[in-house]
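Commentary on secondary and tertiary structure
These are the residues of each chain, in order.
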Amino acid sequence: MDLIGIYLREAIQESGCPVCKILKKYEEDIIGQILYEHVNNPSVREKFAESLGLCTYHAWKMKEIAYSNPLYGGLGVAIIYEHMLSIYINSLKSGKNLEEKKCYLCDLVETKEQHTIEALADRFSELIGDYKDSEAILCKKHYEELMPLLRKRSPKLADKLREIQIEKLERIKGLMRAFIEKFDYCSKETPTERETTSVLKAIESLKGLPLEVNFVKKQKPHSIFRGVFLGNRD
Ligand SMILES: [Zn+2]
Ligand SMILES: [Zn+2]
């Protein structure tokens, strides 16, 4: 197995969605690098300026990471967002419309997501045993993204994953049932740790981790207005 395979295997041996887990770590690492060494990097600052300080999700994520780690602190965020604020103020003064482009962290994480799913599909024949035996559970979105790629490579492997996925979901459901039943007044037992965490696993298997890539993309309201006011020229 190559290095990427080993890296995927490590994620698969843990609990929860391995793809979500990889993306969460990737996102936190990039934000950490920005705060640690790129606060004053002009090309990074330019990328921030394009989206006027990232998307809402990543702006708050950056603030959360900065404030929760004394190594970063609030200074880097203050320097970056003071600059973003001055861009906004200048645009108001000049009366020029400020276009907010796509957040570059969203772009990076989406690309990483695609690469991770492809890498997983390429190596799944070697990883399926680890997946079956571990506490990992692909979230619905990442399962649905992996399946067509897997089916192209090996329909048999895709069918096998589907079987394993159902088994894993049934197991989580069983643990949740036991958790619920232990709240019955007749029950003398307290829920086990696996039963308690099964609730989190159920949410993660349906919705993935709270990452920007997992939020349902909504049509931006201003594009609807533009269609109405400009006679649908988009
Ligand atoms: Zn996932
Ligand atoms: Zn973003």
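Provided above is the structure to which this section pertains.
An account of the accompanying structure is given in this report. These figures come from a predicted structure and were not determined experimentally.

Before going further, it helps to spend a moment on the overall build of the protein chain. When helices and strands are tallied, the protein chain shows ten helices and zero strands. Relative to a compact globule of 234 residues, whose C-alpha radius of gyration would be 17 Å, the protein chain shows 22 Å and is clearly more extended. C-alpha extents for the protein chain along the principal axes are approximately 65 × 45 × 45 Å. Counting across all 234 residues of the protein chain, residues that qualify as buried make up 38%. Within the protein chain, residue pairs in contact and separated by at least 24 positions form 74% of the contacts whose partners lie at least 6 positions apart. Carbon and sulfur atoms make up 57% of the accessible area of the protein chain, which totals about 14800 Å². Across the protein chain, the centroid of the 37 positively charged side chains sits 3 Å from that of the 36 negatively charged ones.

Once that is clear, we can look at the pattern of salt bridges. Considering all chains together, one arrives at 18 salt bridges under this definition. In this structure, Glu 145 and Lys 141 form a salt bridge, with 3.1 Å as the shortest nitrogen-oxygen distance. Taken together, the residues span about one helical turn, with Glu 145 and Lys 141 both in helix H7 (residues 140–153) at a distance of four residues. A single network of salt bridges, built from pairs that share partners, joins Lys 102, Asp 107 and Glu 110.

What follows concerns a nonpolar patch on the surface. Taken together, the side chains of Leu 85, Tyr 88, Ile 89, Leu 92 and Leu 98 define a hydrophobic patch exposed on the protein surface, amounting to about 460 Å² of accessible area. The residue Leu 98 is located in the loop between helix H5 (75–94) and helix H6 (104–133) in this model.

This next bit is on the coordination of the zinc ion (ligand 1). Looking at the metal site, the zinc ion (ligand 1) is ligated by Cys 17 (SG), Cys 20 (SG), Cys 139 (SG) and His 142 (ND1), spaced 2.1 to 2.3 Å from it. Coordination geometry of the zinc ion (ligand 1): the four donor atoms subtend angles of 94 to 115° at the metal centre, consistent with an arrangement described as tetrahedral. Sequence spacing of the donors to the zinc ion (ligand 1): C-x2-C-x118-C-x2-H. Each member of the pair, Cys 139 together with His 142, is buried.

Now for the coordination of the zinc ion (ligand 2). Looking at the zinc ion (ligand 2), one finds its protein donor set to be Cys 55 (SG), His 58 (ND1), Cys 103 (SG) and Cys 106 (SG), positioned 2.0 to 2.4 Å from the metal centre. What the four donor atoms of the zinc ion (ligand 2) show is an angle range of 104 to 114° at the metal, which sorts the shape as tetrahedral. All donors of the zinc ion (ligand 2) come from a single chain, and their spacing in sequence reads C-x2-H-x44-C-x2-C. Of this pair, His 58 sits in helix H4 (residues 56–68) while Cys 106 sits in helix H6, placing them 48 residues apart in sequence. Like Cys 106, His 58 is buried.

Bringing the packing of aromatic side chains into the picture now. Tallying each qualifying case throughout the model produces four aromatic pairs. Over the ring of Tyr 131 we find Lys 168; its NZ or CZ atom is 4.4 Å from the centre of that ring.

Rules behind the numbers
- Residue positions are counted from 1 within each chain, in the order its sequence is given.
- Naming scheme: in the order in which they are written, chains are lettered from A and ligands are numbered from 1.
- Local features in this predicted model are restricted to residues whose pLDDT is 70 or higher, and side-chain atom pairs enter the listing and the counts only when it is 80 or higher, whereas totals over whole chains, interfaces and linings include all residues.
- Heavy atoms from the whole structure form the basis of all side-chain values; hydrogens and water molecules are not counted.
- In this text, helices come from DSSP runs of H or I with a minimum length of four residues, and strands from runs of E with a minimum of two, each type numbered from the N-terminal end.
- For the radius of gyration, the atom set is restricted to C-alpha positions; the globular benchmark scales as 2.2 Å times the number of residues to the power 0.38.
- When a residue's accessible area, from a 1.4 Å probe over protein chains only, is under 20% of the maximum for its type it is buried; when over 50% it is exposed; and in between it is partly exposed.
- Residue contacts are defined here by distance: any two heavy atoms, one from each residue, within 4.5 Å place the two residues in contact.
- Note on areas: Shrake-Rupley with a 1.4 Å probe; residue coverage comes only from the protein chains shown.
- We score Asp and Glu as negative and Lys and Arg as positive, and we do not count His or the chain ends.
- Where a charge lies is defined by one atom per residue type: Lys uses NZ, Arg uses CZ, Asp uses CG and Glu uses CD.
- Take a side-chain nitrogen of Lys or Arg and a carboxyl oxygen of Asp or Glu: if they are within 4 Å of each other, that pair is a salt bridge.
- The residues that make up patches have over 30% relative accessible area and no salt bridge, and they are joined within 9 Å when like-charged or within 5 Å when they are Val, Leu, Ile, Met, Phe, Trp or Tyr.
- Coordination shells were defined by N, O and S atoms within 2.8 Å of each metal, extended to 3.2 Å for Na, K and Ca; water is absent from the atom set, which can make sites look incomplete.
- Angular criteria define each label, namely tetrahedral for four donors with all angles between 85 and 135 degrees, square planar for four and octahedral for six donors with opposite donors over 155 degrees apart and remaining angles between 65 and 115, and irregular for whatever fails these tests.
- In summary, the pairing rule links any two rings of Phe, Tyr or Trp, Trp by its six-membered ring, whose centres are within 6.5 Å, and it sorts them by plane angle into stacked for under 30 degrees, edge-to-face for over 60 and tilted for everything else.
- To sit over a ring, a charge needs its Lys NZ or Arg CZ within 6 Å of the ring centre and within 35 degrees of the ring normal.

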